[in-house]
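What the coordinates show
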Amino acid sequence: MQAMNPRPTLVAFRVLAFRGDNRGEINDSPQRLEIQQDIQLGMAVPNVPGAGLQVTVKIRLDALSRAEQDGAPVASFSGEYEAKFHYAPEVPEAAVTALLEQDDYQYLLVAQAYPLTMTHFRRELQAMGLDARNLPLGLA
């Protein structure tokens with residue numbers, strides 16, 4: 001009998017919300033970008049017979065642009081993102097629960113959603129007038 005390897009499939013990724021405010025002057029004065037992130041994982045057990053388990057990764061990014069000279073806030077941005085992973089119906093809840101308790105396994109799920117998140121976030125920051133090319137796409 002072979003061991004079960006519960007491997008989830010990324011089935012959906014979406015932007016839940018994006019808000020930005022950049023009312024600063026358009027000039028070439030140096031700015032620094034401060035980013036905070038909040039990442040949460042959750043598991044959903046279906047009540048539909050034959051459906052598989054689902055794990056959701058939610059990522060929230062908050063960015064604040066400050067003038068480098070005096071530290072005054074220039075612009076602020078926030079984005080919320082959601083990635084959904086589905087497991088095969090035969091994967092038991094206990095197996096997924098045990099995996100989700102492991103930091104390495106959590107990292108593997110987040111590492112699939114984070115580049116999608118940062119690609120969108122960088123693009124929106126650039127659309128609002130900030131140079132976000134140096135922001136990393138992956139986890140550090």
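To keep things clear, this report deals only with the structure shown in the data block.

About the criteria used
- Residues numbered from 1 in each chain as written.
- Predicted model: local features only at pLDDT ≥ 70, side-chain atom pairs only at ≥ 80, totals over all residues.
- Heavy atoms only, no water.
- Helix = DSSP H or I, 4+ residues; strand = E, 2+ residues; numbered from the N terminus.
- Rg over C-alpha atoms; globule rule 2.2 N^0.38 Å.
- Buried < 20%, exposed > 50% of the residue type's maximum accessible area, 1.4 Å probe, protein only.
- Contact = heavy atoms within 4.5 Å.
- Areas by Shrake-Rupley, 256 points an atom, 1.4 Å probe, with all protein chains shown as cover.
- Lys, Arg positive; Asp, Glu negative; His and termini not counted.
- Charge placed at Lys NZ, Arg CZ, Asp CG, Glu CD.
- Pairing = 2+ DSSP bridges.
- Axes fitted to C-alpha atoms, helices over the stretch in contact; angles between N-to-C directions.
- Expected span 1.5 Å × (residues − 1).
- Bend = angle between axes of the 7 residues up to and from the residue.
- Phe/Tyr/Trp six-rings, centres within 6.5 Å; stacked < 30°, edge-to-face > 60°.
- Salt bridge = Lys/Arg side-chain N within 4 Å of Asp/Glu carboxyl O.

To continue, consider the overall build of the protein chain. The secondary structure content of the protein chain amounts to two helices and four strands. Listing every helix and strand of the protein chain by position from the N terminus yields β-β-β-β-α-α. The C-alpha atoms of the protein chain give a radius of gyration of 19 Å, which is well past the 14 Å a tight globule of 140 residues would have. With 140 residues in all, the protein chain has 29% of them scored as buried. Of the contacts formed within the protein chain by residues at least 6 apart in sequence, a portion of 72% connects residues at least 24 apart. Element-wise, carbon and sulfur atoms account for 49% of the exposed surface of the protein chain, whose accessible area totals about 8,900 Å². Across the protein chain, the 12 positively charged side chains and the 17 negatively charged ones have centroids separated by 5 Å.

A few words on the sheet that holds strand β1 (residues 9–22). Strand order in the open sheet made by the four strands is β1-β4-β3-β2, with antiparallel pairing throughout. The open sheet has two free edges, formed respectively by β1 and β2 (31–44), since each of these has just one partner strand. The mean inter-strand angle of the sheet, taken between neighbouring strand axes irrespective of direction, is 10°. Here helix α1 (residues 93–100) sits on the sheet and contacts β2 and β3 (54–67); the angle it forms with β2, its principal contact strand, is near 155°.

It helps to recall that an α-helix has 3.6 residues per turn; residues three or four apart then point in one direction. Taking 1.5 Å per residue, 25 residues should reach 36 Å; helix α2 (residues 103–127) reaches 35 Å between its end C-alpha atoms and fits that length. Along α2, the largest kink reaches about 30° and is centred on A111; proline P115 follows within four residues of it. Of all the positions in α2, only Y105, L109, V110, A113, Y114, T117, M118, H120, F121, R122 and L125 are classed as buried. Tucked into the core, α2 has its buried residues touching β1, β2, β3, β4 (73–86) and α1. Positive backbone phi, approximately 95°, marks G129, located one or two places after α2.

Turning next to the packing of aromatic side chains. The final tally for this structure, using the stated rule, is two aromatic pairs. Taking 6.1 Å as the distance between ring centres and 10° as the angle between the ring planes, the aromatic pair formed by F13 and Y81 counts as stacked. Taken together, the residues span a long stretch of sequence, with F13 in strand β1 and Y81 in strand β4 at a distance of 68 residues. Among the residues examined, Y81 registers a relative accessible area of 1% and is labelled buried.

Here we come to the environment of G71. Summarising the element assignment, G71 is placed in the loop between β3 and β4. Taking the C-alpha atoms as reference points, G71 and L33, separated by 38 residues in sequence, lie 11 Å from one another. Other than its neighbours up to four places away in sequence, G71 contacts R32 and R66.

Pairing is possible between side chains that carry opposite charge, provided their charged atoms lie close to one another. Per the stated rule, a full pass over the model turns up eight salt bridges. A salt bridge links E82 to K58, with the shortest nitrogen-to-oxygen separation between them at 3.9 Å. With E82 in strand β4 and K58 in strand β3, this residue pair connects regions lying 24 residues apart in the sequence. Its relative accessible area of 8% is what places E82 among the buried residues. For the salt bridge of R60 with D62, the shortest nitrogen-to-oxygen distance reads 3.1 Å. Accessibility expressed as a relative area gives 26% for D62, which makes it partly exposed. Sharing partners across several salt bridges, the network here consists of R19, R60, D62 and E80.

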